[in-house]
Structures are given as structure tokens and as C-alpha cells.
Amino acid sequence: MVTLPKLNDLGFFEIRLESIGGLGANLAGKMLAEAGVVGVGLNGVSFSSYGSEKKGSAVKAHIRFCDMDTKIRDTSPVERPHVVGVFHESLSKTVNVISGIYEDSTVLVNSTKTPDELKEKMKLRGGTIAVIDAIGISLEEKNRVNMAMLGAMFRLCDFLDPDVMRGVIRKSLEKKYPLAVAPALRTFDRGYNEVVFQTYALPDGESMPDFVRYDTPVLGFATQPIGGVVTNPGNSILKDLSISRAGMMPHFHEDSCIHCASCDNVCPDFCFVWDELPDKKGRPQMFLQGIDYQYCKGCLKCVQACPTDALSSEREEDGYADLNRMPHRFNLAINS
């Protein structure tokens with residue numbers, strides 16, 4: 001039996017996976033727990049929490065490990081994790097993904113940025129930041145993001161045996177999806193080998209942020225607006241679906257566009273911005289101006305529907321959406 005590197009007051013080593021639906025965090029948590037329990041003789045548990053089960057919705061997976069003499073009677077969400085796996089970098093826009101970490105916790109992020117850039121972006125004061133381009137690896141290997149993240153996780157959690165995980169992958173996939181076994185193993189190995197990490201000491205005189213429960217309501221007796229109006233922007237013109245994109249996004253090529261509106265007919269979130277302008281004969285017609293990427297979740301239905309290749313599927317690059325966004329012209333709306 002292995003020895004866990006850190007333990008909390010209850011004797012647990014805790015891991016939290018922050019993700020969105022469709023990236024496989026729930027399955028990754030189950031496989032991670034199985035590798036620890038069956039493979040190296042730990043006591044462990046895995047469970048997930050999420051809302052509506054659809055692609056793009058927020059997902060948290062929770063894993064606890066302890067020695068065999070410690071009983072697990074706590075199935076509450078992991079609030080003080082020793083390791084955090086962030087499956088989608090943009091989650092930090094709307095979710096405090098580093099909530100509750102210790103000054104020596106490890107934060108694994110699916111990103112193409114450097115650890116220094118992520119430390120600044122996430123306002124991390126101390127700890128270890130690990131980075132893996134899980135989306136890039138999964139696209140190249142034609143596999144899932146969760147396999148690359150698992151590979152990186154095993155590199156960081158050196159008490160786990162990667163050979164055991166390879167066996168778990170084979171057992172999980174070979175019966176129903178035998179052709180997926182080899183790509184999954186390659187993706188796992190690349191995640192293990194390509195992750196980079198850097199440790200930052202907590203500066204003298206500073207302390208980690210006070211812990212706040214993740215489910216603490218923003219609006220309460222003392223903070224709600226006059227009249228009790230719920231100002232949740234999740235279903236309004238202020239919503240931001242950009243965190244739902246899983247690595248790919250449509251690019252608009254105006255020179256090839258015939259303004260047929262096939263893209264708009266299949267778009268589930270009204271991402272396309274139109275304007276009434278005169279055509280060559282002076283008649284008023286609707287012309288496509290661009291894409292409001294604030295509402296684009298990367299489903300790529302528009303790319304499939306476009307008859308002239310005016311829309312193409314491209315790997316999302318940092319800053320492209322902000323630079324090329326065509327904001328909707330809503331009255332009384334804040335086009336941020």
C-alpha cells in the first residue's frame with residue numbers, strides 16, 4: 001500500500017475536477033478513483049455534482065483517497081482540495097475554480113498558456129500550477145480531453161500507478177469501443193509526458209484567501225435588489241456561453257458569404273448578427289455582419305449548414321473571439 005503525500009484533518013487526500021458537460025470529467029473521476037482503490041490499495045470514493053445534464057453545463061467531480069484503516073463517511077463536495085483539475089480554462093470567467101485550495105495545492109489547467117500567465121489570470125498567490133494542452137492533444141489523437149487530463153493528473157499524483165490506469169482504460173473501452181483503446185492510451189501517455197508545472201511560494205506576509213463555501217448564495221436578505229428581483233444573467237442577453245466551447249469555433253469568411261441565412265436557421269443561440277443594407281440594385285436586403293462569440297458555444301452546426309464554405313471550423317486561439325466578435329445591437333443592452 002502506498003503512502004499519501006498530504007492529508008486533511010479527516011485523513012483524506014482530496015481532488016476536485018472542474019469541468020463542463022461533454023469533456024468527460026465525471027468518467028475521469030470514476031477511473032481515477034478505481035485506479036487508486038483497485039490498483040494501489042487505497043480506500044477511495046468518487047462522485048459528481050452538476051445541474052442539467054447537457055453539453056456545456058457546469059460539472060464538478062470529487063475524489064477522496066485515504067488509507068484502508070480510515071472509513072469514508074463524508075460524501076459532501078470537496079471544498080478544500082489538494083489537487084484541482086480545470087478541464088476548461090475559460091471556466092475561471094464564471095467559476096472560482098481555485099476556491100478552497102491550500103498554499104501547497106496543485107492546480108492542473110487545460111490551457112496553452114504558461115504557468116506564469118495562468119498565475120496572473122487566476123490570481124493565484126501560492127501553490128503549484130501545472131499546464132497541459134489537453135484539447136490540442138485530444139484533437140490530434142482524435143480522442144477525449146479527459147484522457148489527456150488523466151495522464152497529467154497521474155504525473156502530479158505520483159502515488160498512483162500509471163500502468164494501472166492503462167489497464168483501467170482498456171477494461172472500460174475494449175468491449176464497447178475497441179477502436180478507441182489505442183487513441184485513448186496515446187492521449188493518456190501524451191498527457192503524462194507533456195504536462196509542465198511550476199511552484200510558487202507564498203510571498204512573505206501574505207496569506208491564502210479566506211475560504212468561502214462554493215454554494216454560498218450571492219443574493220440574500222441583505223444583498224438582494226429592491227423588490228426581490230433575481231438578476232441572474234444565465235437566461236438573458238447578458239449570458240456568456242463562451243465557456244462552453246470545447247476547443248473549436250466557427251470562423252466567418254465574408255467574401256464567400258451569399259447571405260442565405262442557412263447558418264442562422266440552425267444556430268440554437270442566435271449568434272449571427274444581421275443588418276439591413278441596400279444591395280447592388282439599391283433594394284433593401286439583410287446582410288450577415290459577423291458572429292457574436294459571446295453566445296457561441298462551438299456546436300459548429302452552422303459550419304455544416306453553410307453551402308459556400310463561408311464558415312469554417314478552426315481551433316480556438318486565445319483572444320480571437322474578443323478581437324473578431326460582432327456584438328448584437330440590442331437596445332438597452334450592455335455590449336461588454
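All figures in this text were calculated on a predicted structure; none of them were measured in a lab.

Criteria and cut-off values
Residues numbered from 1 in each chain as written. Predicted model: local features only at pLDDT ≥ 70, side-chain atom pairs only at ≥ 80, totals over all residues. Heavy atoms only, no water. Salt bridge = Lys/Arg side-chain N within 4 Å of Asp/Glu carboxyl O. Helix = DSSP H or I, 4+ residues; strand = E, 2+ residues; numbered from the N terminus. Pairing = 2+ DSSP bridges. Axes fitted to C-alpha atoms, helices over the stretch in contact; angles between N-to-C directions. Contact = heavy atoms within 4.5 Å. Phe/Tyr/Trp six-rings, centres within 6.5 Å; stacked < 30°, edge-to-face > 60°. Buried < 20%, exposed > 50% of the residue type's maximum accessible area, 1.4 Å probe, protein only. Lys NZ or Arg CZ within 6 Å of the ring centre and 35° of its normal.

Colleague: Describe in detail the pattern of salt bridges, supporting the description with residues and values.
Modeller: Evaluated as defined, the whole model comprises 20 salt bridges. The shortest N-O distance in the salt bridge between Lys-113 and Asp-318 comes to 3.1 Å. One end of the pair, Lys-113, is in the loop between β5 (106–110) and α2 (115–122); the other, Asp-318, is in the loop between β11 (311–315) and α9 (320–324), and 205 residues separate them in sequence. The network of salt bridges with shared partners includes Glu-140, Glu-141, Arg-186, Arg-190 and Glu-194.

Colleague: Now, about the sheet that holds strand β4 (residues 83–86): what can you tell me, with residues and values included?
Modeller: Strand pairing within a sheet occurs via backbone hydrogen bonds; the two strands may be parallel or antiparallel. The sheet built from 7 strands is open, its strands ordered β2-β3-β1-β4-β5-β6-β7 with mixed pairing. Two strands bound the open sheet, and with one partner strand each, they are β2 (43–50) and β7 (196–200). When strand polarity is set aside, the average angle formed by the axes of neighbouring strands in this sheet is 15 degrees. Each of β1 (13–20), β4, β5, β6 (127–132) and β7 touches helix α4 (residues 145–156); the most contacted strand, β5, lies at about 155 degrees to it.

Colleague: I'd love a proper account of the packing of aromatic side chains, names of residues and values included.
Modeller: Within this structure, the stated rule accounts for 4 aromatic pairs. Here Phe-65 and Phe-159 contribute two aromatic rings whose centre-to-centre distance is 6.0 Å and whose plane-to-plane angle is 80 degrees, an arrangement assigned as edge-to-face. Taken together, the residues Phe-65 in strand β3 (residues 58–66) and Phe-159 in the loop between α4 and α5 (162–173) connect sequence positions 94 residues apart. Just as Phe-65 is buried, Phe-159 falls in that class too. Cluster of aromatic residues (ring-pair linked, three or more members): Phe-13, Phe-65 and Phe-159. Between the NZ or CZ atom of Arg-80 and the centre of the ring of Tyr-102, over which it lies, the distance is 4.6 Å. Here the guanidinium or amino end of Lys-119 rests over the ring plane of Tyr-200, the centre of that ring lying 5.4 Å away.

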